[in-house]
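Observations on the model geometry
So the chains spell out like this:
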Amino acid sequence: TPKPPPEYTPRTPKKANEVAKYLFNDVQGADSEEGMRFFDDSIIYRDFNYEEVLRGKAEVKKFIDDFSFPGITFATQRFDDGAVSTCFTWEVVIEGAPEGSAIKGISFYELDPDTGLITYVRDVPESGIKPPPLGKLARQFRPAVGVFQPVAI
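Below, the structure is looked at part by part.

**Quick look at the pairing of strand β5 (residues 103-111)**
- Bridge analysis of strand β4 (residues 85-94) against β5 gives eight bridges, and the strand direction is antiparallel. By the bridge assignment, Cys87 is partnered in β5 with Phe108.
- Adjacent in sequence and paired antiparallel, β5 and strand β6 (residues 118-125) are bridged by six residues, among which Gly116 carries a positive phi angle near 75°.

The structure is reproduced here in C-alpha cells:
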C-alpha cells in the first residue's frame, strides 16, 4: 500500500535557504504545484546527470514530477544561511535499497532579489558507481591518492 503524501502547512518563505528547506523538508512528495509557485517563469535548471539544460517552468515541472514517486526521498543534510542564493547537501534515499547505497549531492539555488522566485538551480550528484572509477584507478596506481592529512595553514 503506497504511503499517503506528506502533510504540510503552506507558507511563503523569503530567504533562499528557507525556500529550499520548505521545498525539500515540507513539500517534497506532497504537491508539485505548491513547489512550482517558487520558480520564476524563466528558471534555468542544470543537473550534472543531464547534458540538456532545463529552461522554463514546464520543463522543470516535468523533471520534478518524473523524480517524485513513492519510495524515493531527497533527504537534506546541511544548508547554508543564504538569503538570495543557497547551497545545501542531500542524499537520495530509495526505500528498500541496501545500506550505504544512497547517492549524495549538493545543490545551488539562486533567487531573483526583487521577486524572491528561483531563477537558477544547479544539482551536482556524486558518482553512482562506488567507489568512483577514476578514484579507484588512481589509488591503484598511486595508493597515497585520497589519503588526506591535516596541513598547517
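**Quick word on the sheet that holds strand β3 (residues 72-79)**
- Ordered by their spatial adjacency, six strands build an open sheet running β2-β1-β6-β5-β4-β3, and the pairing between neighbours is mixed. Each edge of the sheet is formed by a strand with only one pairing partner; in this case those strands are β2 (54-55) and β3.
- Across two bridges, the pairing between strand β1 (residues 39-47) and β2 is antiparallel. Along β2, the bridge assignment pairs Ile44 with Arg55.
- The strands that helix α1 (residues 16-27) touches are β1, β3, β4, β5 and β6; relative to β3, the one it contacts most, it runs at about 155°.
- Of the strands in this sheet, β1 and β2 touch helix α3 (residues 57-66), which is tilted by about 55° from β1.

**Quick notes on the side chain of Ser107**
- When you line up the elements, Ser107 lands in strand β5.
- In this structure the side chain of Ser107 is engaged in a polar contact, spanning 2.5 Å, whose partner is the side chain of Asp123.
- Apart from residues lying up to four places away in sequence, Ser107 is in contact with Thr86, Cys87, Phe88, Trp90, Arg122 and Asp123.

**Things to note about the pattern of salt bridges**
- Evaluation of the coordinates by the stated rule reveals six salt bridges.
- A salt bridge links Lys62 to Asp66, with the shortest nitrogen-to-oxygen separation between them at 2.9 Å. Of this pair, Lys62 and Asp66 are both found in helix α3, four residues apart, which corresponds to roughly one turn of the helix.
- For Lys62, a relative accessible area of 53% translates into the label exposed.
- Among the charged side chains, a network of salt bridges with common partners joins Glu33, Lys61 and Asp65.

**Some details on the nonpolar core**
- Counting 24 residues, the largest nonpolar core has Leu23, Phe39, Tyr45, Val60, Tyr109, Ile118 and Val121 as its most contacted members.
- Breaking this core down by element, the ones donating at least two residues are α1, β1, α3, β3, β4, β5 and β6.

**Thoughts on the side chain of Glu34**
- Mapping Glu34 onto the fold places it in helix α2 (residues 32-36).
- At 2.9 Å, the side chain of Glu34 forms a polar contact with the side chain of Arg37.
- In this structure, Glu34 is in contact with Tyr8, Pro10, Arg11, Tyr22 and Val27, ignoring residues within four places of it in sequence.

**Focus on the environment of Pro70**
- Structurally, Pro70 can be placed in the loop between α3 and β3.
- Along the sequence, Pro70 and Pro5 sit 65 residues apart, while their C-alpha atoms lie 8.9 Å from each other.

**A word on a nonpolar patch on the surface**
- Taken together, the side chains of Tyr50, Phe67 and Phe69 present a nonpolar region at the surface, about 280 Å² in accessible area.
- Within the fold, Tyr50 resides in the loop between β1 and β2.

**A word on α1**
- The terminal C-alpha atoms of α1 lie 15 Å apart, and with 12 residues this matches the ideal 16 Å at 1.5 Å per residue to within 8%.
- Of all the positions in α1, only Ala16, Asn17, Val19, Ala20, Tyr22, Leu23, Phe24 and Val27 are classed as buried.
- On the buried face of α1, the contacting elements are α2, β1, β3, β4, β5 and β6.
- Residue Gly29 follows α1 closely and has a positive phi angle near 80°.

Rules behind the numbers
Sequence order as written defines the numbering, with residues in each chain counted from 1. Given that this is a predicted model, residues contribute local features only at a pLDDT of at least 70 and side-chain atom pairs are listed and counted only at 80 or more, while totals for whole chains, interfaces and linings are drawn from all residues. Water and hydrogen atoms were dropped before computing side-chain values, which therefore reflect all heavy atoms in the structure. Here the rule is simple: two strands pair whenever DSSP picks up at least two bridges between them. For the purposes of this entry, the term helix denotes a DSSP run of H or I that reaches at least four residues, the term strand denotes a run of E that reaches at least two, and both are numbered from the N terminus. Should any heavy atoms of two residues lie within 4.5 Å, those residues are counted as being in contact. Between N-to-C directions, angles span 0 to 180 degrees; the directions come from axes that are lines fitted to C-alpha atoms, helices contributing only their stretch in contact. Polar contacts here mean pairs of N or O atoms no more than 3.5 Å apart (in protein, one a potential hydrogen donor and the other a potential acceptor; neighbouring residues in sequence count only if both atoms are side-chain atoms). A pairing counts as a salt bridge when a side-chain nitrogen of Lys or Arg comes within 4 Å of a carboxyl oxygen of Asp or Glu. Buried residues are those whose accessible area, probed at 1.4 Å on protein chains only, stays under 20% of the maximum for their type, while exposed residues exceed 50% and partly exposed ones sit between those limits. Buried Ala, Val, Leu, Ile, Met, Phe, Trp, Tyr and Cys residues form a nonpolar core when they are joined through side-chain atoms within 4.5 Å. Residues enter patches when their relative accessible area tops 30% and they take part in no salt bridge; the joining distance is 9 Å for like charges and 5 Å for the nonpolar side chains Val, Leu, Ile, Met, Phe, Trp and Tyr. All accessible-area figures derive from a Shrake-Rupley calculation using a 1.4 Å probe, and residue coverage is judged against the displayed protein chains alone. By this rule the span expected of a helix is its residue count minus one, scaled by 1.5 Å.

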